[in-house]
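Summary of the model geometry
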Amino acid sequence: MFEAENIRDWREHDVVDAEGRKIGSLESVYVDTSTDRPAFAAVTLGLPTRKRITFVPLAKAVVAPTYLKVAWPRQLVKDAPSIDLDGELPAEQEREVFAHYSLEYGDGSTRRLARR
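Residues numbered from 1 in each chain as written. Predicted model: local features only at pLDDT ≥ 70, side-chain atom pairs only at ≥ 80, totals over all residues. Heavy atoms only, no water.

1. Observations concerning the environment of Ile 23
The condition that has to hold: Numbering of helices and strands starts at the N terminus; helices are DSSP runs of H or I of at least 4 residues and strands are runs of E of at least 2. Only protein chains enter the area calculation, which uses a 1.4 Å probe; residues under 20% of their type maximum are buried, those over 50% are exposed, and those in between are partly exposed. By definition, residues are in contact when any of their heavy atoms lie within 4.5 Å.
Its location among the elements puts Ile 23 in strand E2 (residues 22-32). The exposure class of Ile 23 is buried, given its relative accessible area of 5%. Sequence spacing of Ile 23 and Glu 12 is eleven residues, and the spatial spacing of their C-alpha atoms is 12 Å. When neighbours within four sequence positions are excluded, Ile 23 is seen to be in contact with Val 15, Val 16, Asp 17, Val 43, Leu 45, Val 70, Trp 72, Arg 74, Val 77 and Lys 78.

Here it is as structure tokens:
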């Protein structure tokens, strides 16, 4: 895993699936608020006139010089909950993102993710 201090250096790099197929471009990284460690990538995808941001877990992600490789299939990432380009993930939608990837969310009493 890469260090949180370097996250901004990876903005706009390609995000690819385990087979190397491009999913989209890295828009930002959301960290786990309890550990301050990178937890999800926010990925810009879609057609030039219909772009949106979707989320993919960073567990088992690999950083290369020009891309970020995630461990999840491209179609699963594309089907994940999304937000508008100028939006931010609302606290109410966090549980949906975790559930999409069959990840445990916790009790939901505090916000789990924060954008970097």
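There's plenty left to go through after this.
2. Details of the pattern of salt bridges
We apply this condition: Salt-bridge detection follows one rule: a side-chain nitrogen of Lys or Arg within 4 Å of a carboxyl oxygen of Asp or Glu.
What the rule picks out here adds up to five salt bridges. As a salt-bridge pair, Arg 21 and Glu 19 come within 3.6 Å of each other at their nearest N and O atoms. Owing to a relative accessible area of 66%, Glu 19 belongs among the exposed residues under this scheme. For Arg 115, the salt bridge goes to Glu 27, with nearest N and O atoms at 2.5 Å. Here Glu 27 lies in strand E2 and Arg 115 lies in strand E8 (residues 113-115), a separation of 88 residues in the sequence. For Arg 115, a relative accessible area of 33% corresponds to the partly exposed category. Given a relative accessible area of 10%, Glu 27 falls into the buried group. One continuous salt-bridge network, built from bridges that share partners, spans Asp 17, Glu 19 and Arg 21.

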